[in-house]
Protein chains: 2
Amino acid sequence: MPVPPAYDDVRSAAERLRGHAHRTPVLTSRRVDAELGATVFFKAENFQRVGAFKFRGAYNALSRFTSEQARAGVVAYSSGNHAQAVALAARLLGIPATIVMPLDAPASKVEATKGYGARVVAYDRYTQDREEIGRSLAAEHGLTLVPPYDHPDVIAGQGTAAMELIEEVGALDALVVPLGGGGLLAGSALAARALAPGCRVYGVEPEAGNDGQRSLRSGEIVHIATPRTIADGAQTTHLGELTFAIIRREVTDVLTATDAELVAAMRTFAATMKVVVEPTGALGLAGLRTLAHQLQGRRVGVVVTGGNIDVDRYAALLGTPATGTPATR
Amino acid sequence: MPVPPAYDDVRSAAERLRGHAHRTPVLTSRRVDAELGATVFFKAENFQRVGAFKFRGAYNALSRFTSEQARAGVVAYSSGNHAQAVALAARLLGIPATIVMPLDAPASKVEATKGYGARVVAYDRYTQDREEIGRSLAAEHGLTLVPPYDHPDVIAGQGTAAMELIEEVGALDALVVPLGGGGLLAGSALAARALAPGCRVYGVEPEAGNDGQRSLRSGEIVHIATPRTIADGAQTTHLGELTFAIIRREVTDVLTATDAELVAAMRTFAATMKVVVEPTGALGLAGLRTLAHQLQGRRVGVVVTGGNIDVDRYAALLGTPATGTPATR
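These figures come from a predicted structure and were not determined experimentally.

Visitor: When you look at the overall build of chain A in this model, what are you seeing that I'm missing?
Guide: Helices and strands together make up the secondary structure of chain A, namely 14 helices and 10 strands. In terms of C-alpha radius of gyration, chain A reaches 19 Å, essentially the compact-globule figure of 20 Å for 329 residues. In terms of overall dimensions, chain A has a C-alpha envelope of 55 × 40 × 40 Å along the principal axes. When the 329 residues of chain A are sorted by exposure, 60% land in the buried category. Considering only intrachain contacts with a sequence separation of at least 6, the fraction spanning at least 24 residues in chain A is 74%. Working note: accessible area of chain A is about 12,300 Å², and carbon and sulfur atoms make up 47% of it. A gap of 6 Å separates the mean positions of the 33 positive and 33 negative side-chain charges of chain A.

Visitor: What's the story with the relation of the copies chain B and chain A in this structure? I'm lost.
Guide: Superposing the two chain copies requires a rotation about an axis and a translation along that axis. If you rotate chain B by 180° and push it 0.0 Å along the axis, it lands on chain A with an RMSD of 0.0 Å. The transformation just described matches what one would write down for a two-fold rotation axis. Mapped onto chain A, 100% of the interface residues of chain B again fall at the interface, so both copies present the same surface.

Visitor: Even after reading the chapter, I still don't get the packing of helix α12 (residues 259-273) of chain B against helix α14 (residues 311-318) of chain B, so can you show me in this structure?
Guide: Think of two packed helices as two axes; the pair is described by the angle between the axes and how far apart they sit. Residues and elements named next belong to chain B. Where α12 meets α14, the axes come as close as 9 Å, and the angle between the chain directions of the two elements is 105°. In terms of axis orientation, α12 runs roughly perpendicular to α14. Taking contact as the criterion, the partners of V263, M266, R267 and A270 in α12 are, on α14, Y314, L317 and L318. Residue composition of the contact of α12 with α14, by class: 6 nonpolar, no polar and 1 charged.

Visitor: Would you mind going over the nonpolar core with me for this structure?
Guide: Nonpolar side chains in soluble globular proteins generally cluster together in the buried interior. Counting residues in each nonpolar core, the largest one holds 90 residues, and the members touching the most others are A:F42, A:F269, A:Y314, B:F42, B:F269 and B:Y314. Every residue in contact with A:Y314, bar those within four places of it in the chain, is listed here: A:M266, A:A270, A:V275, A:V276, A:V277, A:I309, B:V276, B:Y314 and B:L318.

Visitor: Could you clarify how one ought to interpret the pairing of strand β9 (residues 253-257) of chain A in this entry?
Guide: The side chains of a regular strand alternate between the sheet's two faces. All names here are of chain A. The buried count for β9 comes to 4 of 5 residues, which makes it a mostly enclosed element. As judged from the 5 bridges shared by strand β8 (residues 200-206) and β9, these two strands associate in the parallel manner. If you follow G203 over to β9, its bridge partner there is V254.

Visitor: How should I be thinking about the interface of chain B and chain A in this particular structure?
Guide: Accessible area lost when the parts come together is the quantity often used to give the size of an interface. Between chain B and chain A, the residue contacts involve 26 residues of the former and 26 residues of the latter. Summing the contributions of chain B and of chain A, the shared interface buries around 2,200 Å²; its carbon and sulfur component is 59%. The salt bridge partner of A:D312 is B:R267, with a shortest N-O separation of 2.8 Å. Counting across the interface, chain B meets chain A through 10 residue pairs in polar contact (both at pLDDT 80 or more). Counting residues per element, the ones that place at least two in the side of chain B that touches chain A are α12 and α14 of chain B. The residue makeup of the side of chain B that touches chain A, split by class, is 13 nonpolar, 7 polar and 6 charged.

Visitor: Just to check I follow, could you spell out the sheet that holds strand β10 (residues 299-304) of chain B for this structure?
Guide: Strand pairing in a sheet is mediated by backbone hydrogen bonds. Such pairs are either parallel or antiparallel. All names here are of chain B. Spatially, β1-β2-β10-β7-β8-β9 is the arrangement adopted by the 6 strands of the open sheet, whose pairing is mixed. The sheet is open, and its two edges are formed by β1 (26-27) and β9 (253-257), each paired on a single side. Alignment of β1 against strand β2 (residues 39-44), held across 2 bridges, turns out to be antiparallel. Bridge pairing links V26 to K43 in β2. Against the sheet, α12 engages β1, β2, β9 and β10, with an angle of about 85° to β9.

Visitor: Explanation requested: the sheet that holds strand β6 (residues 144-145) of chain B in the structure shown.
Guide: Residue and element names in this part refer to chain B. An order of β5-β4-β3-β6 is seen for the 4 strands of this open sheet, with the pairing classed as parallel. The sheet is open, and its two edges are formed by β5 (119-123) and β6, each paired on a single side. With 4 bridges joining them, strand β3 (residues 74-77) and strand β4 (residues 97-102) adopt parallel strand pairing. Within β4, the position partnered with A76 by the bridge is I99. Packed on one face of the sheet, helix α6 (residues 107-115) meets β4 and β5 and runs near 175° to β4. Running over the sheet, helix α7 (residues 130-141) touches β3, β4, β5 and β6 and is turned about 175° from β3.

Visitor: For this particular structure, what's the right way to read the side chain of B:K109?
Guide: Turning to its location among the elements, B:K109 is positioned in helix α6. For the buried B:K109, no salt bridge exists, and the shortest N-O distance to an oppositely charged side chain is 4.3 Å, to B:D232.

Visitor: Any chance you could explain the pattern of salt bridges here in plain terms?
Guide: When their charged atoms lie close together, side chains carrying opposite charge are able to pair. For the structure on display, the rule yields 28 salt bridges over all chains. The salt bridge involving A:D8 is made with A:R11; its shortest N-O contact spans 3.3 Å. Taken together, the residues A:D8 and A:R11, both in helix α1 (residues 7-17) and 3 residues apart, mark about one turn of the helix. Here A:D8 falls in the partly exposed class, since its relative accessible area comes to 48%. Residue classification places A:R11 among the partly exposed residues on the basis of a relative accessible area of 44%. Ionic pairing is found between B:E132 and B:R135, a salt bridge with its closest N-O pair at 3.5 Å. Here B:E132 pairs with B:R135, and both are found in helix α7, just 3 residues apart, close to one helical turn. For B:R135, a relative accessible area of 43% translates into the label partly exposed.

Visitor: Looking at this structure, how should I read α12(B)?
Guide: Residue pairs spaced three or four apart in an α-helix point in one direction, given the helix's 3.6 residues per turn. All names here are of chain B. Taking 1.5 Å per residue as the helical rise, α12 with its 15 residues ought to reach 21 Å, and the 20 Å between its terminal C-alpha atoms agrees with that figure. Burial within α12 is extensive, with 12 of its 15 residues counted as buried. Of the positions making up α12, those classed as buried are L262, V263, A264, A265, M266, R267, T268, F269, A270, A271, T272 and M273. One or two steps after α12, the chain reaches K274, where phi turns positive at roughly 65°.

Visitor: Explanation requested: unusual backbone geometry in the structure shown.
Guide: A negative phi holds for most residues other than glycine; trans holds for most peptide bonds. All names here are of chain B. Positive phi is not limited to glycine here, since V50 has a value of about 60°. We classify V50 as buried; its relative accessible area is 11%. The residue K274 is not glycine, and still its phi comes out positive at about 65°. Counting through the fold element by element, K274 comes out in the loop between α12 and α13 (283-291).

Visitor: Help me out: how do you make sense of the environment of A:L88 in this one?
Guide: Residues and elements named next belong to chain A. If you trace the backbone, L88 turns up in helix α5 (residues 81-93). Considering only alpha carbons, one finds L88 and N60, 28 residues apart in sequence, at a separation of 12 Å. The residues contacting L88, other than those within four sequence positions of it, are R49, V50, F55 and Y116.

Conventions we followed
Residues numbered from 1 in each chain as written. Chains lettered and ligands numbered in written order. Predicted model: local features only at pLDDT ≥ 70, side-chain atom pairs only at ≥ 80, totals over all residues. Heavy atoms only, no water. Helix = DSSP H or I, 4+ residues; strand = E, 2+ residues; numbered from the N terminus. Rg over C-alpha atoms; globule rule 2.2 N^0.38 Å. Buried < 20%, exposed > 50% of the residue type's maximum accessible area, 1.4 Å probe, protein only. Contact = heavy atoms within 4.5 Å. Areas by Shrake-Rupley, 256 points an atom, 1.4 Å probe, with all protein chains shown as cover. Lys, Arg positive; Asp, Glu negative; His and termini not counted. Charge placed at Lys NZ, Arg CZ, Asp CG, Glu CD. Least-squares fit on C-alpha atoms with pLDDT ≥ 70 in both. Axes fitted to C-alpha atoms, helices over the stretch in contact; angles between N-to-C directions. Parallel < 35°, antiparallel > 145°, perpendicular 65-115°, else oblique. Nonpolar A, V, L, I, M, F, W, Y, C, P; charged D, E, K, R; others polar. Core = buried A, V, L, I, M, F, W, Y, C linked by side-chain atoms within 4.5 Å. Pairing = 2+ DSSP bridges. Buried area = accessible area lost by both parts, 1.4 Å probe. Salt bridge = Lys/Arg side-chain N within 4 Å of Asp/Glu carboxyl O. Polar contact = N/O pair within 3.5 Å; in protein donor to acceptor, adjacent residues only side chain to side chain. Expected span 1.5 Å × (residues − 1).

Written out as structure tokens, the structure is:
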């Protein structure tokens, strides 16, 4: 296992990202603050390039390629935001990119990835192993594989969102972050420990896939089957070795949210902050709602991870509030 | 008729608004630029206080009250964003506010207005005249009436959005602005004329209520019945005397958009810019689409007026794209 990154690596990543990643806005809502009894700052990574925080880690990792690596190219596997993030970062840095995507990926995502100039290799997700394909492409063509979360440069890059948030709004009592493979949570925890030493750091994952919670509580990485949840960005089956090494040391607890709670949070974002948030991006607010009684009068940061969702699917989810969800107006 | 405001009044309004109104962000979209063949800058007033540009005009008008007027209070009639704008501006300035709202106004809007500390007077929109009620409340209690658009301070305040936009992004070849009663369009035209002299200025109104277009083309104010359109902020029946005086002098043309075109534009805002825009707020982009062939390679500003829409209604509209609307992803 490589050495896990430290806060210095997050700071270096921020230098590399300057002028390339957006410094995304911080949103607040009088109504959310009144509901929760806390002062909440939302770091809106749905306004990041490619519509998600993933650009930070991808750009940081690719910008550290040697000239030889850059000439040969990068390979990544992802059906989601990491694919587009690597494709755009590669184009900006003049690096050839190969993205391994499932045959049944939405046409819009395949087109977007190709639109950034990447070569897309399709695979059958029921019979083929994408990690295997990625590794064999890497070996065959001398490509460098950039995994979606378990990589020091990816973790450090993702940590720059929380770093910017705390630099902008000041110290926080708590930071609440969506959790899939743990790249964002690990990076955020590094930033919070360094910049707001007393800050509690929470991950939030789908209730249907609480491997992160079980891993943190048991002290070892728990593997699960692909969870059924609308939070497609958090359908990971296990934490990474590097991300877990940081998470077990720095993270206070991992919370969970149901799909109905995610829809309720998406409705709140639309109604009060006028922003489109994808289900995975709503994990932070949904988790915070279950924790609010512990945070009365506190200053809380939440990372909103992305806004990439097909409009028809967004409309359908938004229009089907579950019974008993919190009021959104 | 009072003297119509000039650009100096817009500048003075900007001074009064400093630190009270948000300086809203300017959004861009690679995909929209590619579709239209132009470089488009969206001034996102859906992020303004109360969720709409109306706060600018209301705050500017109320901040000019004499101490006697301020003690007696303000009265306004509106079922929409002007109601909440006057209520919040009044609270910030310590002025008692009375808002005349229809009996069948959405409970959420009535609650929001009361939440800002305003007294709400309900009327029956089928049997009573709100302007009459407003005037008689003003006369009886010595209140000052702030109308939704036909007032020099309201017009000047609304013009500050376009002023900020041009200051931030530089000169524009065209500026496209939603049109209801004309307060925003008139104020925007004053700013554009002063800051970007060659800039063409366009208003966009619902096709079902094209009184503004007919007024501009005929040279006199045309009155119509309340139009049926999803753009509830532009269901005005005629321009104001002051707004028309400016519009006929400064505005290049008035375009129209159908409800289906508004939905298509709302979908584009959600898909590409990740923002919730109310139907009236989408008039600018919808109108621009009909004009794009004239603006190839040009720099175009669009004012996005607001994001206040019930979430269920938003989901329902977003999920019903008309046949033949432009692709949104």
